[in-house]
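# Chain and residue survey
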Amino acid sequence: MIRILFLLFAGLCSAGAAAQTIPPSEIAARSWVLLDTLSGQFITGYKQDERFEPASLTKLMTAYLVFDALKQKKIKPEQVVPVPDKARKAIGSRMFIQQDIAVTVDELVRGMIIQSGNDATIALAEAVAGSEEAFAQRMNQEAKRMGLTNTEFANSTGLPAPRHSASARDLAILTAALIRDYPEQYPLYAQKEYTYNNITQQNRNRLLWRDPTVDGVKTGQTEAAGWCLIASARRDNRRLIAVVMGAASNAARAAETQKLLNYGYQFFDTVKLYDPRQAASTPRVWKGASNTVKAGFPDGLYVTVPKGQGGALKATIESQQPLLAPLRVGQTIGTLKLELNGKPLQTLPVVALEDVPVAGIVGRAWDALRLLIKWGT
């Protein structure tokens with residue numbers, strides 16, 4: 001699972017002479033944020049926790065739930081979906097589905113993702129949950145599970161509605177989850193056009209044409225929301241997600257999002273500290289079948305730092321002592337403290353990478369005596 005660390009580099013960037021947090025005046029948008037998915041760290045942002053209308057960025061949550069329904073086989077790609085009146089009458093961007101022409105789940109998914117069709121989105125929502133209202137409830141339940149504390153959905157499409165809002169940070173977390181949990185579906189977001197019913201529409205994400213490292217994700221626009229774009233790029237096995245909300249135009253949202261991506265790659269490195277399940281330390285265990293336990297990070301650990309500053313990182317692991325058996329895999333048994341150029345950077349939990357059952361009666365008694373001598377307990 002990707003760890004999302006609620007950390008911005010406002011203070012950290014002073015550690016590197018070249019790296020500076022982007023001033024709000026340099027990104028022409030109401031709100032924005034940049035996330036490194038490899039480390040889970042937010043590099044920079046502006047008003048990233050304030051709520052704004054997300055417009056069609058909403059469809060990322062709709063897609064997440066549709067992908068889950070496909071994975072659970074509650075719906076099938078080849079399944080023909082009835083076109084409800086609400087979908088047929090949908091305003092805004094459309095796939096142009098019709099009630100007298102059969103349409104499948106697979107076609108609707110492509111219409112929602114590539115064409116941003118509100119009609120396709122509503123049809124999918126009703127196919128999954130029975131009604132768009134019930135689907136919106138599921139969207140909010142999933143948002144709560146993901147920890148999206150500044151997001152509330154009123155519909156599946158992002159059309160303006162009371163209380164329908166999201167923050168840039170929440171949308172970045174949602175995007176990272178979609179890419180992580182449904183890698184088999186994510187390539188759809190890189191498709192540049194789609195034809196349905198003899199109507200070809202292009203993907204509105206201009207960066208798919210401009211930057212070969214960009215492979216998604218989603219645009220959105222209403223009068224109230226302004227021009228919005230979430231873009232993700234992958235360069236040298238490092239993925240960044242940029243969220244821009246409330247830009248002034250189609251051209252502006254593409255330019256500002258590209259600016260954020262380039263900033264992240266140009267001025268920051270992501271350094272690997274530990275491989276998945278690598279023993280970062282082997283602290284002493286008392287009253288256990290083993291005298292030590294492997295401790296570390298199940299998914300490995302990467303840290304994002306200003307460019308060229310990886311060598312200035314210092315890691316210190318402190319284990320809980322006395323550490324008593326039994327221990328279970330995943331149990332927190334210590335902390336990792338990271339410093340950069342002598343300044344605190346992060347404090348992270350370190351967990352047991354293996355079980356340690358209790359020792360036999362003799363071993364427990366011997367350790368109890370040594371604990372009494374060493375710790376007075």
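Residues numbered from 1 in each chain as written. Predicted model: local features only at pLDDT ≥ 70, side-chain atom pairs only at ≥ 80, totals over all residues. Heavy atoms only, no water.

As a further point, take the overall build of the protein chain. If you tally the helices and strands in the protein chain, you get 9 helices and 14 strands. The buried share among the 377 residues of the protein chain stands at 51%. Residue pairs in contact within the protein chain that sit at least 24 positions apart in sequence constitute 66% of those at least 6 positions apart. Accessible area of the protein chain: about 16500 Å², with a carbon and sulfur share of 52%. (Helix = DSSP H or I, 4+ residues; strand = E, 2+ residues; numbered from the N terminus. Buried < 20%, exposed > 50% of the residue type's maximum accessible area, 1.4 Å probe, protein only. Contact = heavy atoms within 4.5 Å. Areas by Shrake-Rupley, 256 points an atom, 1.4 Å probe, with all protein chains shown as cover.)

What follows is about the pairing of strand 5 (residues 214–222). Most of strand 5 sits inside the fold, with 8 of its 9 residues counted as buried. Across 8 bridges, the pairing between strand 5 and strand 6 (residues 226–235) is antiparallel. Its bridge partner lying in strand 6, K218 is registered against I230. Between strand 5 and strand 6, which pair antiparallel in sequence order, lie 3 residues. (Pairing = 2+ DSSP bridges.)

Moving on, we get to the sheet that holds strand 7 (residues 238–247). Spatially, 2-1-7-6-5 is the arrangement adopted by the 5 strands of the open sheet, whose pairing is antiparallel. Bordering the open sheet on either side are strand 2 (41–46) and strand 5, each of which pairs with just one other strand. Averaged over all pairs of adjacent strands, the angle between strand axes in this sheet comes to 10°, irrespective of strand direction. Here 8 bridges tie strand 6 to strand 7, and the two strands are oriented antiparallel to one another. Within strand 7, the residue paired with W227 across the bridge is A247. Lying on the sheet, helix 6 (residues 168–181) is in contact with strand 1 (31–36), strand 2, strand 5, strand 6 and strand 7; it crosses strand 7 at an angle near 140°. (Axes fitted to C-alpha atoms, helices over the stretch in contact; angles between N-to-C directions.)

Running from N to C, helix 4 (residues 118–129) and helix 5 (residues 132–146) cross one another at 80°; their axes reach a closest spacing of 8 Å. Classed by the angle they form, the pair helix 4 and helix 5 counts as roughly perpendicular. Side by side, helix 4 and helix 5 meet where I122, A125, E126, V128 and A129 of the first sit next to E132, A134, F135 and R138 of the second. Within the contact of helix 4 with helix 5, the residues separate by chemical class into 6 nonpolar, no polar and 3 charged. (Parallel < 35°, antiparallel > 145°, perpendicular 65-115°, else oblique. Nonpolar A, V, L, I, M, F, W, Y, C, P; charged D, E, K, R; others polar.)

With respect to the secondary-structure elements, D275 resides in the loop between strand 8 (268–274) and strand 9 (279–281). Linking D275 and F297, residues 22 residues apart in sequence, is a C-alpha distance of 7.9 Å.

Note: strands within a sheet are paired through backbone hydrogen bonds, in either parallel or antiparallel orientation. Taken in spatial order, the 5 strands line up as 9-10-14-13-12 in an open sheet, and their pairing is antiparallel. Each edge of the open sheet is held by one strand with a lone partner, namely strand 9 and strand 12 (313–319). Taken together, the 2 bridges between strand 10 (residues 295–296) and strand 14 (residues 343–352) define a ladder with antiparallel strand orientation. Note on strand 14: the bridge partner recorded for G296 is V351.

A few words on the nonpolar core. In this structure, M61, F67, I97, L108, Y189 and V243 are the most contacted members of the largest nonpolar core, which totals 65 residues. Residues in contact with M61, not counting those within four places in the same chain, are M139, E142, A143, M146, L148, F153 and L174. Core analysis: the second largest hydrophobic core is formed by 23 residues, L207, L240, L261 and Y265 among them. (Core = buried A, V, L, I, M, F, W, Y, C linked by side-chain atoms within 4.5 Å.)

In this section: the confidence of the model for the protein chain. Close inspection of predicted coordinates is inappropriate in any region flagged by low pLDDT. This prediction gives the protein chain a mean pLDDT of 91; 93% of its residues lie at or above 70. Throughout residues 1–20 the model reports pLDDT below 50, and contacts reaching past four residues in sequence, or to other chains, amount to 63 contacts. (pLDDT = per-residue confidence, 0-100.)

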